Amino acid sequence: MKLKLTWLLTLFMAFVMQLSFGQGKDITGTVTDSNGIPLPGVNVIVKGTARGAQTDFDGNYTVKANTGDVLIFSFVSMKTTEKTVGAANVINVSMADDVASLDEVVITGYSTTTKAKSSVSSVRVSSETIENRPNASFVQTLSGQVPGLNITTSSGQPGGNSLVQLRGVSSIGGNTEPLFIIDGAPVDEDNFRSLNPQDIQSIDVLKDAGATAIYGNRGANGVIVIKTRQGNFGQGLKVNYNGFVSYSSLQDNDYNVMNSQELLTYERERGNGAGAGNSTGAFNPGNGTPLTDAEIAAAPNFSWRDFFFRTGVTQSHTVSLSSGSENTSQFTSFGFQDTEGILNDSDLKRFNIRSNVTGKSSNGKFNYGTNLTVNYSKSNEPNSIGSGAINRNYVLGAFISVPYITSDDYTNGADLLSPLSFTNTPLFLQDRLNTYTRFEEEVKMVGSANFSYKLTDWMTANVVAAADYQSESLTRAEDPTSFNAILFGGAENPTSGFQQQSSTRVFSYNQVTSLNFNKTFGKHTVDVGLYTEYFKAHLRQFGYFANGLNPATFSPGDGAGLVQQTGGLFNDEANATIRNAGLFSYFASADWDYDTRFGLSGTIRRDASYRFSGSNRWGTFYSVSGRWNISNESFMEGSAFNNLKLRASYGTAGNQDIVGGGLFSAPDNYLDLFTTAGGYGNVSAITLSQVGNRDLSWETVTQTNIGVDFGVWNNKLRGSVDVYERETSDLFQGTPLSATTGFTSLSANTGLLYNRGIDFTVSYDVFRPKAEGDFGMTIGVVGNYNETELAEVPNPEGEIIGLGRNGGKLFEYFTLQYAGVNPATGNLLYLDANGNTTENPDADNDRVWIDKNIVPDWNGSFNLDIDYKGFFLTTQWNYVIGVDRFDNDYNDLIDPTAVSQFNFSTDILRAWKQPGDVTDIPRFNAANLNSFGDSDRFLRSADYLRLRFASFGYSFSSEALENTGLTNARVFLNGENLFTFSEWRGFDPETRSNGSRNYPTPKTISFGLELGF
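## Structural notes on the overall build of the protein
Turning to step 1, where the next piece is worked out: A tally of helices and strands in the protein yields twelve helices and 52 strands.
Turning to step 2, where the next piece is worked out: A globule of 1013 residues ought to have a C-alpha radius of gyration of about 31 Å, and the protein, at 33 Å, matches this closely.
Turning to step 3, where the next piece is worked out: Counting only C-alpha atoms and orienting by the principal axes, one finds that the protein spans roughly 125 × 65 × 65 Å.
Turning to step 4, where the next piece is worked out: Counting all 1013 residues of the protein, 51% fall into the buried class.
Turning to step 5, where the next piece is worked out: Carbon together with sulfur atoms contributes 55% to the accessible area of the protein, which is approximately 43,400 Å² in total.
Turning to step 6, where the next piece is worked out: The positive charge centre, built from 74 side chains, and the negative charge centre, built from 105, are 9 Å apart in the protein.

Pasting the structure below:
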């Protein structure tokens, strides 16, 4: 019995000792940053096990470990730290900023390096300045954040396309926008409406040849590299929620349109309008008797602006989950956004799912990553916006409709036919709102996978495979009972109306395979890369346009109401398109560094494009760049400079997008093409449709860049300045061709275009917080000056109207110069070619180049960031200087020929009436009122200073969140386009268009919340 008891006690003690050894002792401590501020949420993992913990709000942690175990401390933007457990039970850790692996990482082509070792001109935009913005497209959020990156949004349509140009306009006929790459996948630069900006971790904008030449055939206009969020190794599950609600409204204008009383009085004075029996409005007695003062006073004042525009409400919600073990990590997000446009019948709704996974082998030799996003969106987007269609453009109806007609005057489309009057423009459009359908549905998937294997300590093999799939379905339908259907159908077609549906699928695949060598010899480090890149894209499109709908069974998008063809009355049309595109490249890069003091880099790339004939298919592009880290020299010790670096680069990149229409545009300009057409007696015939140019080749951008990066007083003052010149040679443009060939121009490579300028970004910490909660203030400025110059214009005179002249600006205006109103006659005055005033200029010989264009000279922003005890304030003021646009909307509002049809600006009331009147508005029947439309009379400066973004909020402290289950919480109030100071009188000076009646970008206020668990 005693032996049994002894045996049982021994077994029990062994079990206890084993349990004690397995769980270890309690190790506690506090984790802080380099300033001694506690870090909540730091992952503490016992190396080689699944045991771990996270620091609390005060940076404290407790974990069980044994003597000899290694604790791994990891946190975003901090260097991973390892500590070995000894005899002590308390291990405090101070974590250093990971400037080498995150904050200081720079993307240079297909590789990365540190800022200290980078010789290229690039700018990183972090997630902090992208997330929680109400812009449906993240591209709009970049406006003003990157020197040299000019972003113009010409439409307030949710998710609408923005024009993105880096360091000026580098092409005339070809593509001028940068290459966009998301996690290694090249994507369509004109369509980001389906992607969720909340998933973005960082955006790197590569600007000079040293960074872009390695992209060869697509790097001529710069490169924008987008990285999405990832999980972290050794991280417990983290759940984050971001959400906001925003309210968008129409920006104001300074046109001073008339109310009903002013307009009816003006019409009565002119002998037109409601009182003369020319209007179909509610205030037309129909007998030609002018309205009395009392009748005018009683007229309603209906706001068609408020009818067609509205306050658009947006809601956005994103939930993300991230976690990681020792060798794997994952990030998953789910997003939903519903955005109402400020224009009626315009909106965007989307759903997003993202899954990013990274992993590595236990020995660290093999690394992999996968990134996949699946997105669905539905966009209602009115068409004909910007046109002069009084029966289709809602914006036109909002701006110039007469206010004495109200929406209550509308009955149905048929009643608007008799009598037919332009005064009823808003009723035509109200009918269209009720009877017209247009929407696009899109499924977009972007995925990539990357694999790397360390063959040796200095040689690594890599593969990055990426795909972009986009399936878009368009549905348009016009109800057979609508005003438009009846107007264009008539008695011959009693069941008119139409329905159109089309489906477009685009799939592109890109693969980069490389072998990279990195070796250090003493103070020398050499990095060499050998690459091949394969790209293939396919487009498949089909659809139909059906005329004739039965109102009894019609439903938009359904085929039940389609009227079958009977004797050719309904001419239905089918369409189908197949397009393929392909590129192939092989290239190499080499980097040398000496003691982080000197560095040289070089790239060379050979590209083949499907767009050119065999003899011109291949192009060669290259770059060389170098740096001198002056601040690392011994003679700089003790100076105020903690960072001073001189950079220089020179190189070339190619553009093979001939007409700027995307992947599948102009694939065969080198071929003679024929088409089937109606010949003599309407007999089918074959005719020449294109004269090919087999000499057509690459457009090449050669760029020189010299830059300085600096940091003074421990980076309290920091920034960079770059000076550059970009020469575009072999420009894609049309050259004159004898009309005897049946054509007037031929696509060719001819002419030169220069962009010269300076980029700069400067930040200064006015107050630096010494501890958490202390007052902090940073101010900054971002700027770019760019001038364009044309050379070798393909014309004997050295000038082409609409393009420019040798030595002049690109798109420089060539027009008559307006000189005001003649006080003696009330007619318009102009300047002749010699600068003399005249009422009757020679429209052919008196036009001159006026040294103005629509491309900005200056653009950038002023920035302010303030933090204090959890409160924060951020403002960004964008500025643009040197843009001149034609204000055709104002032209409409002071056009005296539109009386009794449309509304006016009150400016027309100061029109010339008698000799001696000094005014800027001619008499309503001036002799030359419409004789010289081609003049700069309505050319206006569109320079502006705008409060582009402002954010005010509060981040809750760790003490406030203690015992709530939350790791972080923040509330904020954001504003977009809040105030604009400009001479431009219209709704939005930002539009890069000389068109009119466009959809303005809105002013937006957002309320949001961030939560972390």
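## Comments concerning the pattern of salt bridges
Turning to step 1, where the next piece is worked out: One pass over the structure, following the stated rule, counts 43 salt bridges.
Turning to step 2, where the next piece is worked out: When the shortest N-O distance is used, the salt bridge between arginine 193 and glutamate 442 registers 3.9 Å. Remark: glutamate 442 occurs in strand 22 (residues 436-454) and arginine 193 occurs in the loop between strand 14 (185-187) and strand 15 (200-206); sequence separation between them is 249 residues. The two residues arginine 193 and glutamate 442 agree in class, both being buried.

## Points about the environment of aspartate 759
Turning to step 1, where the next piece is worked out: Take aspartate 759: it is sitting in strand 36 (residues 752-767).
Turning to step 2, where the next piece is worked out: By relative accessible area, which is 1% here, aspartate 759 ends up buried.
Turning to step 3, where the next piece is worked out: Here arginine 167 takes part through its side chain, which lies 2.8 Å from a polar atom of the side chain of aspartate 759.
Turning to step 4, where the next piece is worked out: Polar side-chain contacts of aspartate 759 include one of 2.4 Å to the side chain of asparagine 784.

## Here we look at the sheet that holds strand 42 (residues 828-831)
Adjacent strands of a sheet pair through backbone hydrogen bonds, lying either parallel or antiparallel.
Turning to step 1, where the next piece is worked out: Pairing within the open sheet is antiparallel, and its three strands lie in the order 41-42-43. Two strands close off the open sheet at either side, each with one partner strand: strand 41 (817-821) and strand 43 (837-838).
Turning to step 2, where the next piece is worked out: Looking at chain direction, strand 41 and strand 42 are connected through four bridges and run antiparallel. Within strand 42, the residue paired with glycine 820 across the bridge is leucine 829.

## Digging into the pairing of strand 28 (residues 618-629)
The side chains of a regular strand alternate, first on one face of the sheet and then on the other.
Turning to step 1, where the next piece is worked out: As judged from the eleven bridges shared by strand 27 (residues 598-609) and strand 28, these two strands associate in the antiparallel manner. If you follow glycine 602 over to strand 28, its bridge partner there is valine 624.
Turning to step 2, where the next piece is worked out: Pairing of strand 28 with strand 29 (residues 641-655), which is carried by seven bridges, proceeds in the antiparallel orientation. Opposite glycine 626, over in strand 29, you have alanine 648 as the bridge partner.

## Some remarks on the nonpolar core
Turning to step 1, where the next piece is worked out: Core analysis: the largest hydrophobic core is formed by 45 residues, its most contacted members being Phe308, Phe309, Leu343, Phe399 and Phe904.
Turning to step 2, where the next piece is worked out: Where this core is concerned, the elements lending two or more residues are helix 5 (260-270), helix 7 (304-308), helix 8 (394-400), helix 9 (425-435) and helix 11 (888-893).
Turning to step 3, where the next piece is worked out: In terms of residues, this core owes the most to one element, helix 8, which gives six residues.
Turning to step 4, where the next piece is worked out: When sequence neighbours within four positions are dropped, the list of residues in contact with phenylalanine 309 reads Leu250, Ile342, Leu343, Asn344, Val395, Ala398, Phe399, Tyr999 and Pro1000.
Turning to step 5, where the next piece is worked out: Core analysis: the second largest hydrophobic core is formed by 24 residues, Phe180, Phe192, Val446 and Ala466 among them.

## Digging into the sheet that holds strand 4 (residues 60-65)
Turning to step 1, where the next piece is worked out: Pairing within the open sheet is mixed, and its three strands lie in the order 4-1-7. Each edge of the open sheet carries a strand with a single partner, namely strand 4 and strand 7 (93-94).
Turning to step 2, where the next piece is worked out: Where strand 1 (residues 25-32) meets strand 7, two bridges bridge the pair, whose relative direction is parallel. Bridge pairing links threonine 32 to serine 94 in strand 7.

## Structural notes on helix 5
Turning to step 1, where the next piece is worked out: Among all positions of helix 5, only Ser260, Leu263, Leu264, Tyr266 and Glu267 are buried. An end-on view of helix 5 places all buried positions within 160° of arc, on one side of the element.
Turning to step 2, where the next piece is worked out: The secondary structure elements touched by the buried residues of helix 5 are helix 6 (293-298).
Turning to step 3, where the next piece is worked out: With a side-chain oxygen lying 3.1 Å from the backbone nitrogen of glutamine 261, the N-terminal cap of helix 5 falls on asparagine 259.

## Re the environment of aspartate 409
Turning to step 1, where the next piece is worked out: Tracing the chain through its elements places aspartate 409 in the loop between helix 8 and helix 9.
Turning to step 2, where the next piece is worked out: Judged by its relative accessible area of 30%, aspartate 409 falls in the partly exposed class.
Turning to step 3, where the next piece is worked out: Each C-alpha atom of the pair aspartate 409 and threonine 704 lies 64 Å from the other, and the pair is 295 residues apart in sequence.
Turning to step 4, where the next piece is worked out: A polar contact of 2.9 Å, which involves the side chain of aspartate 409, links it to the backbone nitrogen of threonine 406.

## Things to note about the side chain of arginine 992
Turning to step 1, where the next piece is worked out: Of note, arginine 992 is situated in the loop between strand 51 (980-982) and strand 52 (1003-1012).
Turning to step 2, where the next piece is worked out: Buried arginine 992, no salt bridge; nearest opposite-charge side chain is glutamate 990, N-O distance 9.0 Å.
Turning to step 3, where the next piece is worked out: Reaching out from arginine 992, the side chain makes a polar contact with the backbone oxygen of isoleucine 854 at a distance of 3.5 Å.
Turning to step 4, where the next piece is worked out: Discounting chain neighbours no more than four positions away, the residues touching arginine 992 are Asn150, Thr152, Ser154, Leu163, Gln165, Val169, Ile854, Val855 and Pro856.

## Comments concerning unusual backbone geometry
Turning to step 1, where the next piece is worked out: Cis geometry is adopted by the peptide bond preceding proline 419, which originates at serine 418 and carries an omega value of -5°.
Turning to step 2, where the next piece is worked out: Of note, proline 419 is situated in the loop between helix 8 and helix 9.
Turning to step 3, where the next piece is worked out: The phi torsion at alanine 666 lies on the positive side, around 45°, for a residue other than glycine.
Turning to step 4, where the next piece is worked out: Within the element layout of this structure, alanine 666 appears in the loop between strand 29 and strand 30 (673-678).

## Examining the packing of aromatic side chains
Turning to step 1, where the next piece is worked out: Applying the stated rule across the entire model yields 45 aromatic pairs.
Turning to step 2, where the next piece is worked out: For the pair tyrosine 110 and phenylalanine 587, a centre-to-centre distance of 5.1 Å together with 40° between the ring planes defines the contact as tilted. Of this pair, tyrosine 110 sits in the loop between strand 8 (105-108) and strand 9 (111-114) while phenylalanine 587 sits in strand 26 (residues 573-594), and the two are 477 residues apart along the sequence.
Turning to step 3, where the next piece is worked out: Relative accessible area serves as the criterion here: at 26%, tyrosine 110 is assigned to the partly exposed category.
Turning to step 4, where the next piece is worked out: What makes phenylalanine 587 buried here is its relative accessible area of 5%.
Turning to step 5, where the next piece is worked out: Ring centres 6.3 Å apart and planes at 25° place the aromatic pair tryptophan 877 and phenylalanine 981 in the stacked group. With tryptophan 877 in strand 46 (residues 871-881) and phenylalanine 981 in strand 51, the pair connects residues that are 104 residues apart, well separated along the chain.
Turning to step 6, where the next piece is worked out: Aromatic ring contacts, followed pair by pair, group Phe302, Trp304, Phe307, Phe308 and Tyr394 into a single cluster.

## Section: the pairing of strand 50 (residues 968-976)
Turning to step 1, where the next piece is worked out: Bridge count for strand 49 (residues 944-955) against strand 50 is seven bridges, and the pairing is antiparallel. Across the sheet, the residue bridging to phenylalanine 952 is leucine 973, located in strand 50.
Turning to step 2, where the next piece is worked out: Bridge count between strand 50 and strand 52: nine bridges; the pairing is antiparallel. Residue pairing across strands places asparagine 974 opposite serine 1006, the latter belonging to strand 52.

## Observations concerning the confidence of the model for the protein
Turning to step 1, where the next piece is worked out: Here the protein averages 88 in pLDDT, and 94% of its residues register 70 or above.
Turning to step 2, where the next piece is worked out: Below pLDDT 50 for its whole length, residues 1-22 participates in four contacts with residues either more than four positions away or in separate chains.
Turning to step 3, where the next piece is worked out: When the criterion is pLDDT under 50, residues 274-287 qualifies, and its contacts beyond four places in sequence or with other chains add up to 35 contacts.

## Observations regarding the environment of isoleucine 353
Turning to step 1, where the next piece is worked out: Mapped onto the secondary structure, isoleucine 353 falls in strand 20 (residues 347-360).
Turning to step 2, where the next piece is worked out: Since its relative accessible area comes to 45%, isoleucine 353 is described here as partly exposed.
Turning to step 3, where the next piece is worked out: Along the chain, isoleucine 353 and isoleucine 706 lie 353 residues apart, while their C-alpha atoms are 42 Å from each other.
Turning to step 4, where the next piece is worked out: The residues touching isoleucine 353, leaving out its near neighbours within four places in the chain, are Ser333, Phe334, Leu372, Thr373 and Val374.

Quick notes on the rules
Residues numbered from 1 in each chain as written. Predicted model: local features only at pLDDT ≥ 70, side-chain atom pairs only at ≥ 80, totals over all residues. Heavy atoms only, no water. Helix = DSSP H or I, 4+ residues; strand = E, 2+ residues; numbered from the N terminus. Rg over C-alpha atoms; globule rule 2.2 N^0.38 Å. Buried < 20%, exposed > 50% of the residue type's maximum accessible area, 1.4 Å probe, protein only. Areas by Shrake-Rupley, 256 points an atom, 1.4 Å probe, with all protein chains shown as cover. Lys, Arg positive; Asp, Glu negative; His and termini not counted. Charge placed at Lys NZ, Arg CZ, Asp CG, Glu CD. Salt bridge = Lys/Arg side-chain N within 4 Å of Asp/Glu carboxyl O. Polar contact = N/O pair within 3.5 Å; in protein donor to acceptor, adjacent residues only side chain to side chain. Pairing = 2+ DSSP bridges. Core = buried A, V, L, I, M, F, W, Y, C linked by side-chain atoms within 4.5 Å. Contact = heavy atoms within 4.5 Å. Arc of directions from axis to C-beta. Phe/Tyr/Trp six-rings, centres within 6.5 Å; stacked < 30°, edge-to-face > 60°. pLDDT = per-residue confidence, 0-100.

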